[in-house]
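Topology and contacts: notes
Listed below, chain by chain, are the residues.
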Amino acid sequence: MKLTSRFLIIPALLAGLQAASAADITGTVTLNGTPPPEQVNTHISNDPICGKLHSEPVKTQFFVVGPKGELKDVVVTLKGAPAKSGGESAAPALVDQTKCEYVPYVMAVQTGQKILVKNSDPVMHNVHPTPKVAGNKEENKAQMAGGADLTFSFANPEKFLKFQCNVHDWMFAYVTVVDSPYFAVTDKDGNFKIANVPAGKYTVEVAHRKAGATTKEVEVKDGGAKVDFTLDAPKPQ
Ligand SMILES: [Cu+2]
């Protein structure tokens, strides 16, 4: 009798442990205050090839906000994240050059993860990542219209590593390199989700290129954790 009940209890305990072992951290990032107005990118419209690819004026996208200040392009990372990067085995991250802009403008990858850069335009670009962290390699590769995809990867963590095109000096993208699989970038509704985080206590950091960064403590338990953030718009100059 004793034996039977023990056999029943142990699987139940194990199932309980598994349920508590990983959950999602979700939340929303909101911009407090009014961001400076975006500027029309006259470089694109003045370019004989790139200008023709757009029917509407192209604006900068420094602050992409929703009706309630929901802030896009915020990089969300975990300090004290439990696992090291599995970047070598992760699916490649994609960056497209389309209509003489990088899409996405802001992204995050793991250390060692491949970044595939496409050229969907009828014009040559050159892809020039300019890392500032030692050990991350600066490269500068031309890519013809219809050319093969280019591949990049970075060994060390770095925030907002800048990619630029020297043919079109308005073309920038920012790639944050993280040494764990636990990160996210907010969508157009300001939402993020870091999936399958092992139970435990963490510091969550949110960072936006123009609105700065802040942190909050969270504890991941059964059912996950929800944590919202507010960043302040820069004061008018
Ligand atoms: Cu270009």
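Attention now goes to the overall build of the protein chain. Of regular secondary structure, the protein chain possesses two helices and 17 strands. The C-alpha extent of the protein chain, read off along each of the three principal axes, is 85 × 40 × 35 Å. Split into buried and exposed, the 237 residues of the protein chain put 42% on the buried side. The long-range share in the protein chain, meaning contacts at least 24 apart out of those at least 6 apart in sequence, stands at 63%. Summed over all atoms, the accessible surface of the protein chain reaches about 12,900 Å², with 56% contributed by carbon and sulfur. Between the mean site of the 25 positive side-chain charges and the mean site of the 24 negative ones, the protein chain shows a separation of 5 Å.

Let's shift gears to the sheet that holds strand E6 (residues 115–119). Read across the open sheet, the four strands follow the order E4-E3-E6-E9; overall the sheet is mixed. Looking along the sheet, the strands with just one partner apiece sit at the ends: strand E4 (101–103) and strand E9 (150–152). Averaged over neighbouring strand pairs, the angle between their axes works out to 25° when direction is ignored. Two strands pair when backbone bridges link them, and strand E3 (residues 93–98) and E4 are joined in this way by three bridges, in the antiparallel orientation. Paired with Thr98 across the two strands is Glu101, which belongs to E4.

In this section: the domain arrangement of the protein chain. Per the domain assignment, the segments of the protein chain are domain 1 (12–71 + 193–237) and domain 2 (83–181). Summarising the inter-unit geometry, the C-alpha centres of domain 1 and domain 2 are found 19 Å apart. Listed per partner, the contact involves 15 residues of domain 1 and 13 residues of domain 2. Summed over both partners, the interface of domain 1 with domain 2 buries about 1,300 Å², with 66% contributed by carbon and sulfur atoms. If you look at where domain 1 meets domain 2, you find one salt bridge. Here Glu205 ties to Lys159 by a salt bridge, and the two come within 2.8 Å at their closest N and O atoms. Seen at the junction of domain 1 and domain 2, the total is three residue pairs in polar contact (both at pLDDT 80 or more). The leading source of residues in the side of domain 1 that touches domain 2 is strand E14 (residues 200–208), at three residues. Grouping the constituent residues of the side of domain 1 that touches domain 2 by class yields seven nonpolar, five polar and three charged.

This part takes up the state of the cysteines. According to the stated counting rule, one finds one disulfide in the structure shown. Paired by a disulfide, Cys50 and Cys100 hold their sulfur atoms 2.0 Å apart. Disulfide Cys50-Cys100: the torsion about the S-S bond is -75°, which places it as left-handed. One end of the pair, Cys50, is in the loop between helix H2 (42–46) and strand E2 (75–79); the other, Cys100, is in the loop between E3 and E4, with 50 residues separating them in the sequence. Judged by relative accessible area, Cys50 falls into the buried class, the value being 0%. When its relative accessible area of 0% is taken as the criterion, Cys100 is described as buried.

Our next topic: the environment of Gly87. The topology assignment puts Gly87 in the loop between E2 and E3. Along the backbone, Gly87 and Asp179 are 92 residues apart, and their C-alpha atoms lie at a distance of 8.1 Å. Aside from chain neighbours lying at most four places away, what touches Gly87 is Gln110, Thr111, Gly112 and Gln113.

We now examine the pattern of salt bridges. Within this structure, the stated rule accounts for eight salt bridges. In this structure, the salt-bridge partner of Lys79 is Glu205, at a minimum N-O distance of 3.8 Å. In this pair, Lys79 is assigned in strand E2 and Glu205 in strand E14, connecting sequence segments 126 residues apart. Look at Lys79 and you get partly exposed, because its relative accessible area is 46%.

Thresholds, definitions, all that
Residue numbers run consecutively from 1 along every chain, following the written order of its sequence. The predicted origin of the model limits local features to residues at a pLDDT of at least 70 and limits the giving and counting of side-chain atom pairs to 80 or more, whereas totals for whole chains, interfaces and linings rest on all residues. Heavy atoms throughout the structure, all of them, feed into the side-chain values; hydrogens and water do not. Put simply, DSSP H or I for four residues or longer makes a helix, DSSP E for two residues or longer makes a strand, and each gets a number counted from the N terminus. Only protein chains enter the accessibility calculation, which uses a 1.4 Å probe; a residue whose area is less than 20% of its type maximum is buried, one above 50% is exposed, and one in between is partly exposed. By definition in these notes, contact holds between two residues if any of their heavy atoms fall within 4.5 Å. In these tables, accessible area is a Shrake-Rupley quantity obtained with a 1.4 Å probe, and a residue counts as shielded only by the protein chains included in the view. A residue counts as positive if it is Lys or Arg and as negative if it is Asp or Glu; His and the chain ends are not included. The atoms used to mark charge sites are NZ of Lys, CZ of Arg, CG of Asp and CD of Glu. In short, DSSP must find at least two bridges between two strands for them to pair. Axes here mean lines fitted to C-alpha atoms, for a helix over just the part in contact, with angles spanning 0 to 180 degrees between N-to-C directions. Note: domain ranges come from an automatic or database domain assignment. We define buried area as the total accessible area lost by two parts upon association, computed with a 1.4 Å probe and summed across both. A pairing counts as a salt bridge when a side-chain nitrogen of Lys or Arg comes within 4 Å of a carboxyl oxygen of Asp or Glu. In protein, a polar contact requires one atom able to donate a hydrogen and another able to accept it; more generally it is a pair of N or O atoms within 3.5 Å, and residues adjacent in sequence count only if both atoms are side-chain atoms. Residue classes follow a fixed rule: Ala, Val, Leu, Ile, Met, Phe, Trp, Tyr, Cys and Pro count as nonpolar, while Asp, Glu, Lys and Arg count as charged, and any other residue, Gly among them, counts as polar. Counting rule for disulfides: a pair of cysteine sulfur atoms within 2.5 Å.

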